[in-house]
Amino acid sequence: MRASDIPGDFDHVLYTEEQVASRIREVAAQIDADYAGREILMVGVLNGAVMTMADLCRAMTSHMSMDWMAVSSYGAGTKSSGVVRILKDLTKDIDGRDILIVEDIIDTGLTLSYLVQNLRSRNPNSIEIMAMFRKPEVVTCPLDVKYVGFDIPNEFVVGYGLDYADKYRNLTDVATLAPHVYKS
Ligand code: 5GP
Ligand code: MG
Ligand code: MG
């Protein structure tokens with residue numbers, strides 16, 4: 001759905017479906033150039049990175065395979081709990097592989113720092129990060145993020161895989177919520 005399908009739920013749209021799609025194509029081209037001739041193991045972080053992964057890998061020409069992890073750092077609300085737990089681990093061995101972590105958004109960076117540290121101990125050849133969104137004002141853990149879709153202000157956003165209480169992941173635009181949504 002588009003933000004215009006349920007306008008009352010949103011405060012403002014940060015990026016339209018078209019802007020997201022166009023940025024995805026740019027990042028895909030950058031990744032293809034950087035990994036020329038190598039096979040990438042893309043590791044998506046569930047559930048938020050599902051849309052980014054689906055669009056990004058289809059815009060790429062590199063050989064790639066896909067695996068998924070699920071970690072928890074947020075509950076149903078909008079604030080980080082500071083706790084990172086692996087809820088679902090990779091199914092593949094990453095020894096010697098070139099890993100590209102695909103993440104929806106970097107807020108404090110806590111989740112990703114933990115993940116990178118964890119994956120590094122499994123001896124991959126390389127690890128890079130692609131995050132669709134990043135909040136540079138918030139990032140507290142220093143992270144070397146090679147690919148960023150958009151740097152955004154410190155606002156809670158939904159859409160393109162990002163949820164509020166597990167809703168709005170199917171919004172194709174990226175928007176902030178109207179205050180009444182948090183209260184209901
Ligand atoms: P971090 O560990 O970087 O603080 O938080 C990472 C996770 O928090 C993201 O993968 C995402 O699930 C959630 N998160 C952080 N900021 C936002 C936001 O603005 N909107 C939504 N929907 N989730 C967010
Ligand atoms: Mg995430
Ligand atoms: Mg969430």
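Residues numbered from 1 in each chain as written. Chains lettered and ligands numbered in written order. Predicted model: local features only at pLDDT ≥ 70, side-chain atom pairs only at ≥ 80, totals over all residues. Heavy atoms only, no water.

By the naming in an unreviewed UniProt entry, the chain is Hypoxanthine phosphoribosyltransferase, taken from Cutibacterium acnes. Of the chain, the UniProt comment under Cofactor (unreviewed entry) reads exactly: "Mg(2+)". (UniProt positions renumbered as here; feature names shortened; annotations may be inferred.)

Caption draft 1: Quick peek at the coordination of the magnesium ion (ligand 2). In this structure, Glu103 (OE) and Asp104 (OD) serve as the protein donors to the magnesium ion (ligand 2), at separations of 2.3 to 2.4 Å. Residue glutamate 103 is classed as buried on the basis of its relative accessible area of 5%. On the basis of relative accessible area, aspartate 104 is assigned to the buried category, the value being 13%. (Donors = N, O, S within 2.8 Å, 3.2 Å for Na, K, Ca; no water. Buried < 20%, exposed > 50% of the residue type's maximum accessible area, 1.4 Å probe, protein only.)

Caption draft 2: Spotlight on helix α2 (residues 50-59). Among all positions of α2, only Thr52, Met53, Leu56 and Cys57 are buried. With its buried residues spanning 105° around the axis, α2 presents them on a single face. (Helix = DSSP H or I, 4+ residues; strand = E, 2+ residues; numbered from the N terminus. Arc of directions from axis to C-beta.)

Caption draft 3: How the structure looks around the pattern of salt bridges. Inspection of the entire model under this criterion finds twelve salt bridges. The residue aspartate 166 makes a salt bridge to arginine 169 at a minimum N-O spacing of 2.7 Å. Given a relative accessible area of 19%, arginine 169 falls into the buried group. Via salt bridges that share partners, Arg2, Glu17, Glu18 and Asp173 belong to a single interconnected network. (Salt bridge = Lys/Arg side-chain N within 4 Å of Asp/Glu carboxyl O.)

Caption draft 4: Expanded view of the environment of tyrosine 182. For tyrosine 182, the location among the structural elements is in helix α4 (residues 179-183). Among the residues examined, tyrosine 182 registers a relative accessible area of 32% and is labelled partly exposed. Residues tyrosine 182 and tyrosine 164, 18 residues apart in the sequence, show an inter-C-alpha distance of 8.8 Å.

Caption draft 5: The arrangement of the packing of aromatic side chains in detail. For the coordinates displayed, the defined rule picks out six aromatic pairs. On the numbers, 6.0 Å between centres and 20° between planes, the contact of phenylalanine 133 with phenylalanine 150 is stacked. Of this pair, phenylalanine 133 sits in strand β6 (residues 126-134) while phenylalanine 150 is found in strand β7 (residues 147-151), placing the two residues 17 residues apart along the sequence. By the burial criterion, phenylalanine 133 is buried, and phenylalanine 150 matches it. Through pairs of rings, three or more aromatic residues link up here, namely Tyr15, Phe133 and Phe150. (Phe/Tyr/Trp six-rings, centres within 6.5 Å; stacked < 30°, edge-to-face > 60°.)

Caption draft 6: Up close: unusual backbone geometry. Cis geometry is found at the peptide bond from leucine 46 to asparagine 47, where omega equals -10°. Take asparagine 47: it is sitting in the loop between β2 (40-46) and α2. Of note in this structure, asparagine 123 is not a glycine but carries a positive phi near 65°. With respect to the helices and strands, the residue asparagine 123 is situated in the loop between α3 (110-120) and β6. Look at tyrosine 160: it is not a glycine, yet its phi comes out positive at around 50°.

Caption draft 7: Geometry of the sheet that holds strand β8 (residues 157-158). On the basis of which strands lie adjacent, the open sheet formed by three strands has the order β1-β9-β8 and antiparallel pairing. A strand with exactly one partner marks an edge of an open sheet, and here the two such strands are β1 (10-15) and β8. Across two bridges, β8 lies against strand β9 (residues 174-177) in antiparallel orientation. Counterpart to valine 158 in the pairing with β9 is alanine 175. (Pairing = 2+ DSSP bridges.)

Caption draft 8: Here's a closer look at the site of ligand 1. Near ligand 1 there are 17 residues, and of these Thr108, Thr111, Lys135, Val157 and Asp163 occur at the shortest range. Contact distances for ligand 1 include 3.4 Å between an oxygen atom and a side-chain N or O atom of glutamate 103. Taking aspartate 163, its main chain carries an N or O atom lying 2.7 Å from a nitrogen atom of ligand 1. For ligand 1, whose accessible area on its own is 510 Å², the fraction buried by protein is 93%. Mapped by element, the contributors of at least two residues to the shell around ligand 1 are β3 (64-74), β5 (98-106) and α3. Considering every element that reaches the shell around ligand 1, the biggest residue donor is β5, with four residues. Split by residue class, the shell around ligand 1 holds seven nonpolar, four polar and six charged. (Near = heavy atom within 4 Å. Polar contact = N/O pair within 3.5 Å; in protein donor to acceptor, adjacent residues only side chain to side chain. Areas by Shrake-Rupley, 256 points an atom, 1.4 Å probe, with all protein chains shown as cover. Nonpolar A, V, L, I, M, F, W, Y, C, P; charged D, E, K, R; others polar.)

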